[in-house]
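Reading the structure
So the chains spell out like this:
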Amino acid sequence: SQQGEEDPQALSIQEGENATMNCSYKTSINNLQWYRQNSGRGLVHLILIRSNEREKHSGRLRVTLDTSKKSSSLLITASRAADTASYFCATDAYQGGSEKLVFGKGTKLTVNP
Amino acid sequence: DAGITQSPRHKVTETGTPVTLRCHQTENHRYMYWYRQDPGHGLRLIHYSYGVKDTDKGEVSDGYSVSRSKTEDFLLTLESATSSQTSVYFCAISILGNTEAFFGQGTRLTVV
């Protein structure tokens, strides 16, 4: 099964509103990352938060991490139509001496003009 | 796109035929991954590599094999393609297993 699970699966908001997406994961992590995917294209890295960090900002993005609850949230403030995309969380999972990067199912965000 | 190229970009093949997808990088990153993306499933890890000739299985590895004989190339082979392997396949690279990953543009594979 997949390590990370995002919710909601889909989110539709108006331009200017804030968008919040959540990610829950199952096992201990070193880092948690958020990625964005525009339709039909490869994923693009947005932000990485380490397990000893609780909050991180990058422009209009704010990510929080609660390791006790094994959850993270991505907040996009003052959303724009160009933010329309799918957003994925990714966690590292230790396997037999190496680490692998595992993604969730994603949240599809639609920002209406 | 961070020096990562997938080929082919599109392929249609018949059930039962072997298919090989290629991922080529120019970044000298240690880790390389193959994912498949299907509606409702997000990205699922097929196989990954943490060095030349060092590979391991992901969550959906059945029916797939990989090889990495040199740093820059990671090949994904479908030994005998099935319709359930119709999907979009993404290759990704990263310096380590828990650092930022860079993705290729994807390969759309259709098995008829």
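Residues numbered from 1 in each chain as written. Chains lettered and ligands numbered in written order. Predicted model: local features only at pLDDT ≥ 70, side-chain atom pairs only at ≥ 80, totals over all residues. Heavy atoms only, no water.

**Points about the pattern of salt bridges**
In total, this model carries 7 salt bridges over all chains according to the counting rule given. Here aspartate 83 of chain A ties to arginine 60 of chain A by a salt bridge, and the two come within 2.9 Å at their closest N and O atoms. You can see aspartate 83 of chain A sitting in the loop between strand S8 (71–76) and strand S9 (85–95) and its partner arginine 60 of chain A sitting in the loop between strand S6 (55–58) and strand S7 (61–66), a full 23 residues away along the chain. For arginine 60 of chain A, a relative accessible area of 23% corresponds to the partly exposed category. Aspartate 73 of chain B is the salt-bridge partner of lysine 70 of chain B, the closest N and O atoms lying 3.6 Å from each other. Here the salt bridges do not stand alone but share partners, grouping Arg36, Arg60 and Asp83 of chain A into one network. (Salt bridge = Lys/Arg side-chain N within 4 Å of Asp/Glu carboxyl O. Helix = DSSP H or I, 4+ residues; strand = E, 2+ residues; numbered from the N terminus. Buried < 20%, exposed > 50% of the residue type's maximum accessible area, 1.4 Å probe, protein only.)

**A closer look at the state of the cysteines**
Inspection of every chain in the model, using the stated rule, returns 2 disulfides over all chains. With a sulfur-sulfur separation of 2.0 Å, cysteine 23 of chain A is cross-linked through a disulfide to cysteine 89 of chain A. The disulfide joining cysteine 23 of chain A to cysteine 89 of chain A has a torsion of about 65° about its S-S bond and is therefore right-handed. Here cysteine 89 of chain A lies in strand S9 and cysteine 23 of chain A lies in strand S3 (residues 19–25), a separation of 66 residues in the sequence. The pair formed by cysteine 23 of chain A and cysteine 89 of chain A is uniform in burial state, with each residue classed as buried. With a sulfur-sulfur separation of 1.9 Å, cysteine 23 of chain B is cross-linked through a disulfide to cysteine 91 of chain B. Here cysteine 23 of chain B and cysteine 91 of chain B share a disulfide; its torsion about the S-S bond, -75°, makes the bridge left-handed. (Disulfide = S-S within 2.5 Å.)

**Some thoughts on the sheet that holds S3 of chain A**
All names here are of chain A. Across the sheet, which stays open at both edges, the 5 strands sit in the order S1-S3-S8-S7-S6 with antiparallel pairing between neighbours. Of all strands in the sheet, those bounded by a partner on one side alone are strand S1 (4–7) and S6. Pairwise comparison of adjacent strand axes, ignoring direction, gives a mean angle of 15° for this sheet. Sheet analysis places S6 next to S7, joined by 4 bridges and oriented antiparallel. Along S7, the bridge assignment pairs histidine 57 with arginine 62. (Pairing = 2+ DSSP bridges. Axes fitted to C-alpha atoms, helices over the stretch in contact; angles between N-to-C directions.)

**Re the pairing of strand S3 (residues 19–25) of chain B**
Residues and elements named next belong to chain B. Burial along S3 is one-sided: the residues Val19, Leu21, Cys23 and Gln25 are buried and none of Thr20, Arg22 and His24 is. Sheet topology places strand S1 (residues 4–7) next to S3; 4 bridges connect them, and they run antiparallel. Its bridge partner lying in S3, threonine 5 is registered against histidine 24. Alignment of S3 against strand S8 (residues 73–78), held across 6 bridges, turns out to be antiparallel. Bridge assignment links valine 19 to a residue of S8, and that residue is leucine 78.

**Points about the confidence of the model for chain A**
Looking at chain A, the pLDDT average stands at 92 and 97% of residues meet or exceed 70. The lowest-confidence element of chain A is S1 of chain A, averaging 81 in pLDDT; the highest-confidence one is S7 of chain A, averaging 98. (pLDDT = per-residue confidence, 0-100.)

**Section: the nonpolar core**
Residues and elements named next belong to chain A. In terms of nonpolar packing, the biggest core is built from 20 residues, with Met21, Leu32, Trp34, Leu74, Ile76, Tyr87 and Leu109 touching the most fellow members. Listed by contribution, the elements that provide at least two residues to this core are S3, strand S4 (31–37), strand S5 (44–50), S7, S8, S9 and strand S11 (107–112). Top contributing element to this core by residue count: S3, with 4 residues. In contact with leucine 32, not counting residues within four places along its chain, are Cys23, Tyr25, Ile47, Leu48, Ile49, Leu65, Ser72, Cys89, Ala90 and Thr91. (Core = buried A, V, L, I, M, F, W, Y, C linked by side-chain atoms within 4.5 Å. Contact = heavy atoms within 4.5 Å.)

**A closer look at the packing of aromatic side chains**
Applying the stated rule across the entire model yields 12 aromatic pairs over all chains. A ring pair is formed by tyrosine 48 of chain B and tyrosine 50 of chain B, whose centres lie 6.2 Å apart and whose planes are at 45°; its orientation type is tilted. An identical accessibility class is assigned to tyrosine 48 of chain B and tyrosine 50 of chain B; each is buried. Here the aromatic cluster, defined as three or more aromatic residues joined through ring pairs, consists of Tyr35 and Phe103 of chain A together with Tyr31, Tyr33, Tyr35, Tyr48, Tyr50, Phe90 and Phe103 of chain B. (Phe/Tyr/Trp six-rings, centres within 6.5 Å; stacked < 30°, edge-to-face > 60°.)

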